[in-house]
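An overview of the molecular structure
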Amino acid sequence: MENQRTEKIILTGDRPTGRLHVGHYIGSLQRRVELQNSGEYQKIFIMVADAQALTDNIENPEKVRQNIIEVALDYISCGLDPEKSTLLIQSQIPELCELTFYYMDLVTVARLQRNPTVKSEIQMRNFESSIPVGFFTYPISQAADITAFKATTVPVGDDQLPMIEQTREIVHKFNTVYAPVLVEPAALLQEREACRRLPGIDGKAKMSKSLGNCIYLADTADEVRTKIMSMFTDPLHLQVSDPGHLEGNTVFTYLDAFCREEHFGRYLPDYANLDELKAHYQRGGLGDVKVKKFLNQIMQELLEPIRTRRKEMEKDIPALYDILRKGSEEAREVAAQTLAEVKSAMRINYFEDAELIRAQKEKYGA
Ligand code: ATP
Ligand code: MG
């Protein structure tokens with residue numbers, strides 16, 4: 001118990017519904033790598049959430065299967081290190097299903113219906129009256145993922161906050177009804193707001209694999225350039241001399257997320273910082289193309305080393321499956337330990353309960 005309170009443990013992950021994109025990088029991946037290298041966490045579990053991805057991809061399970069390795073390649077090329085972090089595949093940990101099953105009794109349908117992320121995702125996927133039960137209940141399975149590893153910290157984008165809240169409620173309920181074996185996790189958000197939910201290149205509220213509005217970490221330099229040059233800006237900014245607007249202007253939102261002061265010295269020395277660039281845009285006289293070219297230089301600088309590492313990793317795919325297998329085995333041991341504690345707290349560990357057997361025996365006077 002003492003250990004539980006002092007250990008700092010991270011659990012986080014991604015759905016293998018496509019390659020990872022720069023929204024993942026800025027919203028979560030970059031932070032994970034920093035946390036991994038900080039040495040402050042005793043354990044870091046990074047999960048490829050294939051079972052969760054199946055909940056809304058049942059027409060196309062092969063997509064999920066194929067993308068597991070893509071996500072793993074993205075992880076390692078961003079700097080996640082299997083020596084320091086445990087990389088695992090969700091479906092390989094059956095204990096998670098068992099935990100989910102028991103947690104289901106602690107949550108009402110009405111509470112799930114109120115979950116804002118589930119609500120908006122149902123809308124986005126046009127599920128309406130045909131919501132798969134598994135999809136509807138995925139916040140519960142996410143609570144199982146987080147608690148199985150006794151995670152204290154979950155670095156995520158802000159669309160995941162309602163999930164963490166739901167997990168905390170489940171933990172609280174379980175610990176109250178049974179015994180305090182589960183740990184309440186806290187979400188860890190990026191400080192800069194633009195990083196918490198990066199919009200798509202089309203200006204839509206969220207860059208998302210399912211919406212096809214992404215700059216992928218694995219995109220070639222040309223693909224990245226083409227996407228940036230086609231990005232949504234300010235529809236009222238028709239001529240260079242027109243005053244421009246920043247609100248809803250995706251290129252500037254990306255600069256808020258990715259630009260640092262040193263980039264000006266390197267690529268745009270006429271301006272000292274982003275505030276100066278924004279002021280010029282708002283005054284008029286600064287063209288979209290110039291701003292996009294600047295953003296492209298920043299993104300290329302970020303993505304080039306990631307791309308290079310990916311190319312290296314792509315040469316030995318079996319080694320990557322091996323990393324995932326080992327990580328899943330290690331994770332399974334931890335989840336099994338938690339499940340044993342959960343079952344003991346619920347007193348459904350009948351065969352290890354000598355007292356129960358003795359009392360029942362006595363009842364029958366034998
Ligand atoms: P899908 O469309 O399949 O749901 P996704 O692009 O939303 O895919 P997920 O695997 O659901 O990606 O999300 C993984 C993590 O990345 C989560 O922590 C999520 O909050 C974060 N994330 C996803 N998209 C963004 C974004 N556009 N900006 C910041 N963080 C993001
Ligand atoms: Mg998502």
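First things first, this report covers the structure right here in the doc. (Residues numbered from 1 in each chain as written. Chains lettered and ligands numbered in written order. Predicted model: local features only at pLDDT ≥ 70, side-chain atom pairs only at ≥ 80, totals over all residues. Heavy atoms only, no water.)

The next thing to look at is the overall build of the protein chain. A count of helical and extended segments in the protein chain gives 18 helices and 5 strands. Counting only C-alpha atoms and orienting by the principal axes, one finds that the protein chain spans roughly 95 × 45 × 40 Å. A burial count over the protein chain gives 51% of its 366 residues as buried. For the protein chain, the proportion of contacts with a sequence separation of at least 24, taken over those separated by at least 6, is 76%. (Helix = DSSP H or I, 4+ residues; strand = E, 2+ residues; numbered from the N terminus. Buried < 20%, exposed > 50% of the residue type's maximum accessible area, 1.4 Å probe, protein only. Contact = heavy atoms within 4.5 Å.)

We now examine the nonpolar core. Membership of the largest hydrophobic core comes to 59 residues, with the highest contact counts inside it found for Tyr75, Leu255 and Leu277. Non-local contacts of Leu277, meaning those with residues more than four positions away in its chain, are made with Phe252, Leu255, Phe264, Leu268, Tyr271, Leu286, Val291 and Phe294. In this structure, Leu96, Tyr138, Val154 and Ile348 belong to the second largest nonpolar core, which totals 43 residues. (Core = buried A, V, L, I, M, F, W, Y, C linked by side-chain atoms within 4.5 Å.)

Now for the site of ligand 1. In the vicinity of ligand 1 lie 22 residues, with Thr17, Asp159, Lys206, Ser208 and Ser210 positioned nearest. A distance of 2.8 Å separates a nitrogen atom of ligand 1 from a polar backbone atom of Leu198. Contacts to ligand 1 include Lys209, whose side-chain N or O atom sits 3.0 Å from an oxygen atom. About the coverage of ligand 1: the protein hides 97% of its 600 Å² of free accessible area. Cavity membership is defined here by more than half of the atoms lying within 2 Å of grid points; on that basis ligand 1 lies in the largest pocket. Looking at the shell around ligand 1, the elements that each hand over two or more residues are β1 (9-14), α2 (22-38) and α11 (193-196). It is α2 that contributes the most residues to the shell around ligand 1, 3 residues altogether. For the shell around ligand 1, a count of residues per class yields 4 nonpolar, 10 polar and 8 charged. (Near = heavy atom within 4 Å. Polar contact = N/O pair within 3.5 Å; in protein donor to acceptor, adjacent residues only side chain to side chain. Areas by Shrake-Rupley, 256 points an atom, 1.4 Å probe, with all protein chains shown as cover. 1 Å grid on protein atoms, 1.4 Å probe; cavity = no way out; pocket = protein on both sides within 12 Å on 5 of 7 lines; lining within 4 Å. Sits in = over half its atoms within 2 Å of the grid points. Nonpolar A, V, L, I, M, F, W, Y, C, P; charged D, E, K, R; others polar.)

Take the environment of Ile298 next. Within the secondary structure layout, Ile298 lies in helix α16 (residues 288-314). On the basis of relative accessible area, Ile298 is assigned to the buried category, the value being 2%. If sequence neighbours within four positions are ignored, Ile298 has contacts with Leu255, Phe258, Cys259, His263 and Tyr267.

The subject of this paragraph is unusual backbone geometry. Phi at Asn126 is positive, roughly 55°, even though this residue is not glycine. Residue placement: Asn126 occurs in the loop between α7 (116-124) and α8 (133-136). Given a relative accessible area of 57%, Asn126 falls into the exposed group. The backbone phi angle of Arg347 is positive, close to 60°, even though this residue is not glycine. Looking at where Arg347 falls in the secondary structure, it is placed in the loop between α17 (317-345) and α18 (354-363).

Working note: α-helix, 3.6 residues per turn, so residues spaced by three or four point in the same direction. Burial runs high along helix α13 (residues 250-258): 7 of the 9 residues are buried. Listed in full, the buried residues belonging to α13 are Thr250, Val251, Phe252, Tyr254, Leu255, Ala257 and Phe258. Against the buried residues of α13 lie α2, α11, α14 (261-267), α15 (274-283) and α16.

Moving on, we get to the pairing of β1. Most of β1 sits inside the fold, with 5 of its 6 residues counted as buried. Bridging between β1 and strand β2 (residues 43-48) involves 6 bridges; their strand directions are parallel. Looking across to β2, one finds that Gly13 is bridged to Met47. Between the parallel elements β1 and β2, the chain passes through α2 in a crossover that is right-handed. (Pairing = 2+ DSSP bridges. Right-handed = clockwise from strand over helix to strand, strands pointing away.)

Where helix α5 (residues 95-103) contacts α17, the two axes come as close as 9 Å, and the packing angle between them is 30°. Considered as vectors, α5 and α17 are oriented roughly parallel to each other. As for the relative orientation of α5 and α17, their crossing is left-handed in sense. Taken together, the residues of α17 that come into contact with α5 (itself represented by Glu95, Glu98, Leu99 and Tyr103) are Arg332, Ala335, Ala336, Leu339, Val342 and Lys343. Taken together, the residues of the contact of α5 with α17 break down into 6 nonpolar, no polar and 4 charged. (Axes fitted to C-alpha atoms, helices over the stretch in contact; angles between N-to-C directions. Parallel < 35°, antiparallel > 145°, perpendicular 65-115°, else oblique. Left-handed = near helix turned anticlockwise from the far one by under 90°.)

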